[in-house]
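# What the coordinates show
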Amino acid sequence: MNVTKAILITYPTEESINEALSLAEAAGYKVEKIVKQKHITKSKYGIGKGKAQEVNDMLKELKINVIIFDEVLKPSQQYNLASLCKKDVIDRERIILEIFERRASNSESRIQIKLAQLRYEMIRIREKVRLAKIGEQPGFFGLGKYDADVYMLDVKSRMSVLKKKLEKEEKRRNLYRIQRNKIGIPIISLVGYTSAGKTTLFNTLTGESKITGQGMFTTLSTFTRAMNLNENKVLVTDTVGFINKLPAYMIDAFKSTLHELLFSKLILLVIDISQKIKDIRIKLNSSLHIMNELQVPTGKIIYLLNKIDLTDLNDAYDKSIDLGLSNSEHIVLPISSTNGHNINKLKDLIETIICGNKIAAKNNRKFFK
C-alpha cells in the first residue's frame, strides 16, 4: 500500500505535536518532517515568507507529497502556500474531515460527514471564484468563471439533498427516543475529548466489545446499550469525541447525533487525568464549549477523571482543584476504565442520582479513595 509522505507544520509544544501526529496517522499520512513554529496564523502563508520558502526546499529534498498544517487556514492562506510549494496543503479542518470519512460506520455518520465536507468545500469555492474573477487564479480547476458558478450551484444542490436525508435520520432517531421514553429507561451519555477513554469505559459498563485504541475518533456515531444496576436498568450511549478548534459547521453537522445529550438523564464527561494540567484544561474547556454550543445543561454532568491507573489519586485531586472542579457544585470521581478502579462506585453514584437523590450524591465528597 502506498503511503502518503507529509511535512507537518505545528506549534512547538509536546501536546500540539503529539495531537497533530495522531491526526496525521489517523488520516493515513506518514510525517517525514516536523516544522515547529510559535506563530502559524500569519497573514499570507500561515507562516512567515522565509519559513514558507524553507518548507518548499524541504519538499524537494525529501520528496514529500503534501503539507499538513496544524491550524485552521483561511482559503487565501491555503491557496498561497499551495501555489508557492506546488503541493496540496491540508489544514486542521480538512484532516479531521478525512479521518471522519475513514471512520464513518453507518449511513447517518456518512451523511453528516459528507455535509461537513461540502460546507468546507463551499468556503473554498467562494475564495477560488473571487481569485478567478480578479485574475489571480487562471480558471477554476481548469474551468472558466461560468463553470465555477455552475459548480457552486451543484454543491448547494447536493447539500440540500443531504440535509433532507439527515432530517429523515433525525425523525427516525426521534421515534426511537419516543419508544424509549414509553418504556421509561433513563439514558446516560458518555462525552469527552477524543482518546479520553470513552469507548473503553462504555465497554466496561455495558460488557460490549466496541473497537478501541485505533487512534482518534474511533466513535463517530452514537452507540447505545443497556447497563444493569442493582435494582435499575439504564441505557448508556457512546458519542463522537470532541477536539479543539472544531469549526461550528462541523458541530452543526453532528447536531442530530449529539442532540441525544439533551435527552440524557446524566452526562458522564470523561477526562484523561494522566496528562499535563495545561493540556487537560484546554481539552476540558473545548469539551465544555461544544456542550455549551449544544445547550447541554451543566447540572447533568458527572466529571470522571479517567486513567487514574496512569497517575495517582493525589495528583488527580490536585488537578481537580486546578481545574475548578473541587467545589460542591460538581460531582467528580476518579476512575480507571482499564483496571476497573471505582467503576462499582460510579454505578452506585448513577443509581443514586437516577433514583432522584442528587443532593446525597453531591454531599458525598469521599470519592478520592
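Preceding this paragraph is the structure being described.
Here, residues in each chain are numbered from 1, in the same order as that chain's written sequence. Only residues with pLDDT of at least 70 get local features here, since the model is predicted, and only at 80 or more are side-chain atom pairs given and counted; chain-wide, interface and lining totals rely on the full set of residues. Only heavy atoms go into the side-chain values, all of them from the structure, while hydrogens and water stay out.

## Describing the overall build of the chain
Quick note on the threshold: In this text, helices come from DSSP runs of H or I with a minimum length of four residues, and strands from runs of E with a minimum of two, each type numbered from the N-terminal end. Accessible area is worked out with a 1.4 Å probe on protein chains only. A residue is then buried under 20% of its type maximum, exposed over 50%, and partly exposed in between. Contact criterion: two residues are considered in contact whenever any of their non-hydrogen atoms come within 4.5 Å of each other. With residues, only the protein chains shown are counted as cover, and all accessible areas are computed by Shrake-Rupley using a 1.4 Å probe.
Counting its regular elements, the chain contains 13 helices and ten strands. Put simply, the chain has 369 residues, and 50% of those count as buried. Long-range pairs, those at least 24 residues apart, make up 72% of the contacts in the chain with a sequence separation of at least 6. When the accessible surface of the chain is summed, it comes to about 17,800 Å², and 49% of that surface belongs to carbon and sulfur atoms.

## Here's the deal with the packing of helix α2 (residues 49–62) against helix α3 (residues 75–85)
Between two packed helices, what matters for the description is the angle formed by their axes and the separation of those axes. How we decide: Axis lines are fitted to C-alpha atoms, over the contacting stretch for helices. Their N-to-C directions set the angle, which ranges from 0 to 180 degrees. Angle categories: roughly parallel below 35 degrees, roughly antiparallel above 145, roughly perpendicular from 65 to 115, and oblique for all the rest. What makes a crossing left-handed is the near helix being turned counterclockwise from the far one by less than a right angle; a clockwise turn instead makes it right-handed. Residue polarity follows a fixed list, in which Ala, Val, Leu, Ile, Met, Phe, Trp, Tyr, Cys and Pro are nonpolar, Asp, Glu, Lys and Arg are charged, and the others, Gly among them, are polar.
At a minimum axis distance of 9 Å, the contact between α2 and α3 shows a crossing angle of 45°. By the angle between their axes, α2 is oblique relative to α3. Viewed along their axes, α2 and α3 form a crossing whose handedness is right-handed. Residues Ala 52, Gln 53, Val 55, Asn 56 and Leu 59 of α2 pack against Leu 81, Leu 84 and Cys 85 of α3. Across the contact of α2 with α3, the residue classes break down as six nonpolar, two polar and no charged.

## Concerning helix α7 (residues 198–206)
Most of α7 is tucked away: seven of the nine residues are buried. Listing the buried residues of α7 in full gives Lys 198, Thr 199, Leu 201, Phe 202, Asn 203, Leu 205 and Thr 206. Against the buried residues of α7 lie β5 (187–192), β6 (223–228), β7 (233–238), β8 (266–272), β9 (301–306) and α12 (343–354).

## As for the sheet that holds β6
Rules: Two strands are counted as paired when DSSP detects at least two bridges linking them.
Read from one edge to the other, the open sheet built from six strands follows the order β6-β7-β5-β8-β9-β10, with strand pairing classed as mixed. Whereas interior strands pair on both sides, the edge strands pair on one side only; in this sheet they are β6 and β10 (331–334). Neighbour-to-neighbour, the strand axes of the sheet open up by a mean angle of 25°, direction not taken into account. Here β5 runs beside β7; their pairing, made up of four bridges, is parallel. Looking at the pairing, Ile 188 lines up with Val 236 of β7.

## A closer look at the nonpolar core
Selection criterion: Buried Ala, Val, Leu, Ile, Met, Phe, Trp, Tyr and Cys residues form a nonpolar core when they are joined through side-chain atoms within 4.5 Å.
Grouped together as the largest cluster of nonpolar side chains are 49 residues, with contacts concentrated most on Tyr 29, Ile 68, Ile 95, Ile 96, Ile 271, Tyr 303 and Leu 325. Here this core gets five residues from one element, more than from any other, and that element is helix α4 (residues 92–103). Contacts of Tyr 303, omitting those with residues within four sequence positions, involve Leu 269, Ile 271, Leu 284, Leu 288, Leu 325, His 330, Ile 331, Val 332 and Leu 333. Counting residues in hydrophobic clusters, the runner-up holds 24 residues, among them Leu 190, Leu 266, Leu 349 and Ile 354.

## Here's the deal with helix α10 (residues 277–293)
What counts is decided by this rule: In this scheme, a helix's expected span is set at 1.5 Å multiplied by one less than its residue total.
The first and last C-alpha atoms of α10 sit 24 Å apart over 17 residues, in line with the 24 Å expected at 1.5 Å per residue. Immediately beyond the C-terminal end of α10, within one or two residues, lies Gln 295, with a positive phi of roughly 60°.

## Side note on the packing of α7 against α12
Axis separation between α7 and α12 bottoms out at 11 Å; the angle between their running directions is 75°. When the axes of α7 and α12 are compared, the pair comes out roughly perpendicular. In contact with Leu 201, Thr 204 and Leu 205 of α7, α12 contributes Ile 343, Leu 346 and Lys 347. Looking at the contact of α7 with α12, its residues break down into four nonpolar, one polar and one charged.

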